[in-house]
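Residue-level listing of the chains:
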Amino acid sequence: MATEGEGSGFAIHPMDQFVIKPLFGGEHVHWYTISNVTLWMALAVLCIVLLLVVGTAKRSIIPSRVQSVAELVYGFIYNMVEEVTGHDGVKYFPYVMTLFLFILFSNLLGLLPMSFATTSHVAVTVVLALMVFVGVTVLGFMRKGVGFLGMFWVSSAPLALRPILALIEVISYFVRPVSHSIRLAGNILAGHAVIKVIAGFATLVVASPFVVGAVGAIYGLELLVAVVQAYVFTILTCVYLRDAVGDAHH
Amino acid sequence: MEGDIAQMGKFIGAGLATIGLGGAGIGVGTIAGNFLAGALRNPSAAPGQMANLFVGIAFAEALGIFSFLIALLLMFAV
């Protein structure tokens, strides 16, 4: 990708920020290589620990600022899980909370200048989405047995239409992890690339004052997108979880 | 001029793939607009439907993201 940037007229290639580099020398990235992805994932986990463990360590009745943020996030996700998946879904609240916090902090840390957005890589988000997909499927078969397949057989539709609908339902079920992961990665990737593309126009002297304002505006939008995408990922996890644990038919 | 027909086709294809974003824009706009119209008629029911709003937007947006994915694949993977 770096070589393509030389001919394209950009001082910085918008895709260069997503290159995975080993931190401690070496050329190739193996599965065990400590790279910038590892670093920023570890920092995201560190931030979560700081918020939830260190922030709430004192457990005062009148919460400090950090403690009230932690309590707000906890209450928000807890209510979401209970509302969307129903009472039986509350058992899986810790997993949903983990997903939300990890994605939220990865997104937000990725917005720091010179940092690395781990969630912009499909390899990261596909793992998150596949864990949800496999987990929901296994859970559905464990709790409902063969009856879990009933969600593909839309009993409210006319009998002649049901086989066609079943086919569509099966396809849409297997497209879930694809759209679940690509949505997050695509949003973060596109947002960061747009910032870099606009920042690349700063080399034109005439355009540079507008570039400052435009980058600021898009940065604000990206802050919103970072939070909304974390929210959307977790709420879709809850929606998928409802198919497995809830008894509501759609 | 350098490059070949295949290179040109890639760029044209990537540009054409971005048309899909228009569809996602229509979808997201319809959902958000209808939500606002409903919320203004019955503001007390609006907070309870926020989750549905975001899920609807996410589903509509996913299809736009797919076209973005096609554009990326054409540019970098093909």
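Going by the structure above, here's the rest.
Residues numbered from 1 in each chain as written. Chains lettered and ligands numbered in written order. Predicted model: local features only at pLDDT ≥ 70, side-chain atom pairs only at ≥ 80, totals over all residues.

Draft legend 1. Structural detail: the overall build of chain A. Summing up its helical and strand segments, chain A has seven helices and zero strands in all. Starting at the N terminus and ending at the C terminus, chain A contains elements arranged as α-α-α-α-α-α-α. Judged by the C-alpha coordinates and their principal axes, chain A covers about 65 × 55 × 40 Å. Relative to its full complement of 250 residues, chain A shows a buried share of 27%. Sequence-distant contacts in chain A: of pairs separated by 6 or more residues, those separated by 24 or more amount to 61%. (Helix = DSSP H or I, 4+ residues; strand = E, 2+ residues; numbered from the N terminus. Buried ≥ 20, exposed ≤ 12 C-beta atoms within 10 Å, placed from the backbone. Contact = placed C-beta atoms within 7 Å.)

Draft legend 2. Region of interest: the overall build of chain B. Regarding its fold elements, chain B presents three helices and zero strands. Counting helices and strands in the order they occur from the N terminus, chain B gives α-α-α. The C-alpha radius of gyration computed for chain B amounts to 18 Å, which surpasses the reference 12 Å derived for 78 residues by more than 25%, pointing to a less compact arrangement than a globule. Viewed in the frame of its principal axes, chain B has a C-alpha envelope of about 60 × 20 × 10 Å. Counting contacts in chain B only where the partners sit at least 6 residues apart, residues at least 24 apart contribute 89% of the total. (Rg over C-alpha atoms; globule rule 2.2 N^0.38 Å.)

Draft legend 3. Unusual backbone geometry, seen in detail. Residues and elements named next belong to chain A. Of note, the phi angle at Arg59 is positive, near 50 degrees, even though the residue is not glycine. Positive phi outside glycine occurs at Met114, with the angle close to 70 degrees. On the secondary structure map, Met114 appears in the loop between helix H4 (93–110) and helix H5 (122–144).

Draft legend 4. Layout of the interface of chain A and chain B. Between chain A and chain B, the contact holds 14 residues from the first and eleven residues from the second. Among the residues forming the side of chain A that touches chain B, the class breakdown is ten nonpolar, two polar and two charged. (Nonpolar A, V, L, I, M, F, W, Y, C, P; charged D, E, K, R; others polar.)

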